[in-house]
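Below, each chain spelled out in residue letters.
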Amino acid sequence: MTKFQDMIYERPDFDKEIESMRQLLDQLQNAQDEQTFFDTLIAVDKQGRKLSTQGTLAQIRHSIDTRDEFYIAEDEAWNENGPRFQELSNLGARIILNSPYREAVARKYGKHLLEKFELQLKTFKPEILEDLIAENKLVSDYDRLIASAQIEFDGKTLNLSQMGPYNESTDRAVRKAANQAVWGWFAKHQEQLDTIYDKLVALRHGIGKKLGYDNFIPVAYARMGRTDWTPEDAKSYRKQIVDSVVPLTQKLYKEQAQRIGLPFEEMKNYDFALDFLTGNPKPVGGEEVLVKHASQMYHELSPQTDEFFQVMVGQQLMDLTTKPGKSAGGYMTFLPDYKVPFIFSNFNGTSGDVDVLTHEAGHAFQGYLQRDVELTDIADYTSEVAEIHSMSMEFFTHPWMEGFFGPDTEKYYYQHVTSALKFLPYGASVDEFQEWVYEHPEATPQERRAQYREIEKKYLPHINYDGLDYLEQGGRWQRQGHIFFAPFYYLDYTLAQVVALQYFTWTKKDKDAAWDSYLTLCLQSGRVPFKELVPAAGLESPFEDGAIAQITPQLEAYLDGLDKSKIK
Ligand SMILES: [Zn+2]
């Protein structure tokens, strides 16, 4: 039971590792019988886990303090050498697909594993190795730039995450000033951000061409591991959002304006961050209080979650509170050699802190459930599946919210469900924007901004930027890190959100059946693709026409049934 701080990091001898991996792959290719073939496959996987553990340790510790010289150097070493292993991973996939034991693999591990290997081969050729290294570097540039943000505000020097509470202030003047300060920082760095993104788009378009496609989009879909849905599916799904969700969210925004006492026409973007005049729901305490209640909650939720959370606390696998130098955002990752997840976040006193203990913990819980999988690749799943694990956990934990939010609980419920709904159009807009960007790789930063603003108006017609130039001209997307580091990721969040909302409506009818379905879905993840996984769990695929229209009335009824006297 190694604690995180006692896990030993040592930079691998990359040349030696590659050499030894090549030898193993040689053995795999020349295996004379099925037993040798499978034994070698396990050995390859074991070496991969060892490397992944070291790379992940370096990445976690670098993100905990981006100023630490030692881990800056390690992060760079992994950025440079990581892509060299992708070539080997592709070689491994090719050997398995061409092997006489191919059918034995399908029988033992399921045919979806072979489909995943086939797709993986579409994302790589040795000719793009240098491009991948350059892409990694640009993403790191973006990360560092955002993490370096220092905003003078309220007599302090704050990072973007520390600005969170001011953005939600009940004092309109404070919200307005915080909004100007945050976007002022982005405006000041617009050129740098434009340059990074320009280079990324050109590079990715080039990668698409080198891999034999018209543009980057098929590569992006293959990278996302999508074996079962296409840009056409995405397009009609986005239309469901425009038709069924946008009208409902506009109604919710009008209710919000009324609640906070402003005419709807006068609502500015910084006003929409404030859901309630009495302030957004606030957690009842800091890290210690919240983690203690989370322990209780996971203890009561199920034996599996209880065991999982005890490990997280006991082995100190969470770095939760924000501090100078820490990388922005939150994530969960996995340390295969130790068979444990790790949770990283920036607690800042907002309800987002609780989301970490439900959302990131949902990811981590699923990782923990799968810790003994025989072959890493079997449990490898796409991100719209991954986000089901996390977003559904946010809803399964609803009955315990009182301990996190006290008197603000009813407000939390209202905000959680409404923000899930409000998220769908935003997520779809990010997807449509990226589709346009990679269909028009020659577009200038100005053209991109103009296009973003147009798309934004379709999905978020209520937004008024109060004359802030940077936003008026379509700059908001530059704050959305996924657009830089994980192209086309965003629709996945919305797909998972729709599934999680289905689980929510299910828990209202039969929470035990819903939880059993969730456990099965977590364990089946990676074995079958999204469009099969979801119906097999007794839910409807969001791609099915009308899937969204089916849940929106139930959610509206839930919101109407909440105690409005506590929501103000
Ligand atoms: Zn997530």
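For the structure, check the block above.
Since this is a predicted model, take the numbers as computed values, not measurements.

Chemist: Explanation requested: the overall build of the protein in the structure shown.
Modeler: When helices and strands are tallied, the protein shows 23 helices and five strands. A compact globule built from 568 residues should have a C-alpha radius of gyration of about 24 Å, and the protein, at 24 Å, falls within 12% of that. Taking the principal axes of its C-alpha atoms as reference, the protein extends roughly 75 × 55 × 50 Å. For the protein, the proportion of its 568 residues judged to be buried stands at 59%.

Chemist: Before we go on, may I ask you to explain helix 11 (residues 231-259) in this structure?
Modeler: Along an α-helix, a turn takes 3.6 residues, which lines up residues three or four apart on a common side. Counted at 1.5 Å a residue, the expected span for helix 11 with its 29 residues is 42 Å, and the 39 Å between its end C-alpha atoms agrees. Of all the bends in helix 11, the greatest, near 40 degrees, is centred on Val 245, and the proline Pro 247 appears no more than four residues after it. Count one or two residues on from helix 11 and you reach Gly 261, which has phi positive near 75 degrees.

Chemist: Even after reading the chapter, I still don't get the sheet that holds strand 4 (residues 331-335), so can you show me in this structure?
Modeler: The mixed open sheet is built from three strands, whose spatial order is 3-5-4. The open sheet has two edge strands with one neighbour each: strand 3 (318-321) and strand 4. Across this sheet, the average inter-strand angle for adjacent strands is 15 degrees, counted without regard to direction. When strand 4 meets strand 5 (residues 340-347), the two strands line up antiparallel, connected through five bridges. Bridging across to strand 5, Phe 334 finds its partner in Pro 341. The strands that helix 2 (residues 34-64) touches are strand 3, strand 4 and strand 5; relative to strand 4, the one it contacts most, it runs at about 145 degrees. Against the sheet, helix 13 (residues 303-314) contacts strand 3 and strand 5, and its axis sits at roughly 65 degrees relative to strand 5.

Chemist: Honestly, unusual backbone geometry in this entry has me stumped. Any pointers?
Modeler: The bulk of non-glycine residues show a negative phi, and the bulk of peptide bonds are trans. Its identity as a non-glycine residue notwithstanding, Gln 316 has a phi of 50 degrees, on the positive side. Mapped onto the elements, Gln 316 comes out in the loop between helix 13 and strand 3.

Chemist: What's the story with empty space enclosed by the protein in this structure? I'm lost.
Modeler: Gaps left between atoms show up when a probe the size of a water molecule is rolled over them. Inspection of every chain in the model, using the stated rule, returns three cavities of 30 Å³ or more. Along its surface, the second largest cavity is lined by Ile 146, Ala 147, Asn 159, Leu 160, Ser 161, Thr 322, Lys 326, Ser 327, Ala 328 and Asn 346. The residue makeup of the lining of the second largest cavity, split by class, is four nonpolar, five polar and one charged. Counting contributing residues, the lining of the second largest cavity receives three or more from each of domain 2 (135-237 + 427-485) and domain 3 (287-404 + 492-566).

Chemist: Please clarify how the pattern of salt bridges should be interpreted in this entry.
Modeler: When charged atoms on two side chains of opposite charge get close, those side chains can pair. All chains considered together, the criterion is met by 40 salt bridges. Glu 17 is the salt-bridge partner of Lys 50, the closest N and O atoms lying 3.8 Å from each other. Highlighted residues: Lys 50 in helix 2 and Glu 17 in helix 1 (residues 14-29), separated in sequence by 33 residues. On the accessibility criterion, Glu 17 (13% relative accessible area) is buried. For Asp 275, the salt bridge goes to Arg 259, with nearest N and O atoms at 3.6 Å. With Asp 275 in the loop between helix 11 and helix 12 (287-301) and Arg 259 in helix 11, this pair connects stretches of sequence that are 16 residues apart. Residue Arg 259 is classed as buried on the basis of its relative accessible area of 17%.

What counts as what
Residues numbered from 1 in each chain as written. Predicted model: local features only at pLDDT ≥ 70, side-chain atom pairs only at ≥ 80, totals over all residues. Heavy atoms only, no water. Helix = DSSP H or I, 4+ residues; strand = E, 2+ residues; numbered from the N terminus. Rg over C-alpha atoms; globule rule 2.2 N^0.38 Å. Buried < 20%, exposed > 50% of the residue type's maximum accessible area, 1.4 Å probe, protein only. Expected span 1.5 Å × (residues − 1). Bend = angle between axes of the 7 residues up to and from the residue. Pairing = 2+ DSSP bridges. Axes fitted to C-alpha atoms, helices over the stretch in contact; angles between N-to-C directions. Contact = heavy atoms within 4.5 Å. 1 Å grid on protein atoms, 1.4 Å probe; cavity = no way out; pocket = protein on both sides within 12 Å on 5 of 7 lines; lining within 4 Å. Points joined across faces, edges and corners; volume = space filled by probe spheres on them. Nonpolar A, V, L, I, M, F, W, Y, C, P; charged D, E, K, R; others polar. Domains from an automatic or database assignment. Salt bridge = Lys/Arg side-chain N within 4 Å of Asp/Glu carboxyl O.

Such coordinate-based values are descriptive only and should not be taken to indicate function.
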